[in-house]
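Structural overview
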Amino acid sequence: MPNFSPELLAYGFVWYVAFLFSTTCHEAAHALVAKLGGDDTAALGGQVSLNPVPHIQREPWGMVVFPILSFFVFKSGMNWVG
C-alpha cells in the first residue's frame, strides 16, 4: 500500500469537498435549465437543488465511490456523473 501522508489526505479531503460542491452546482444547473425549457423530469426527482444528497442518491458510484477510489489509486481525482 502506498504511503499516504497527512498532507495528501488533507489535500484529498479539500479536493473532494470542491468536487462535491462544483458537481452539485453543475448538475443543478442542468436540471434548472431543463425545467425552464419545459422538462420537469429532473425537477420532480429533486435535482434542482444545491443540496448534494439528491445527486449522491441518484449517482452514488460517480459521486462517492469512484472519485474517492481514484484519489487513492492515482493520487488525483477522476469522476463521472451520469
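What comes next is a walk through the structure. This one's a predicted model, so the numbers in the text were calculated from it and none came from an experiment. (Residues numbered from 1 in each chain as written. Predicted model: local features only at pLDDT ≥ 70, side-chain atom pairs only at ≥ 80, totals over all residues. Heavy atoms only, no water.)

Here we look at the overall build of the protein
A count of helices and strands for the protein gives four helices and zero strands. The N-to-C order of helical and strand elements in the protein reads α-α-α-α. In the protein, which comprises 82 residues, the share counted as buried stands at 26%. Sequence separation of 24 or more characterises 51% of the internal contacts of the protein that already satisfy a separation of 6 or more. A total of about 5,400 Å² of accessible surface is found on the protein, and carbon and sulfur atoms cover 70% of it. (Helix = DSSP H or I, 4+ residues; strand = E, 2+ residues; numbered from the N terminus. Buried < 20%, exposed > 50% of the residue type's maximum accessible area, 1.4 Å probe, protein only. Contact = heavy atoms within 4.5 Å. Areas by Shrake-Rupley, 256 points an atom, 1.4 Å probe, with all protein chains shown as cover.)

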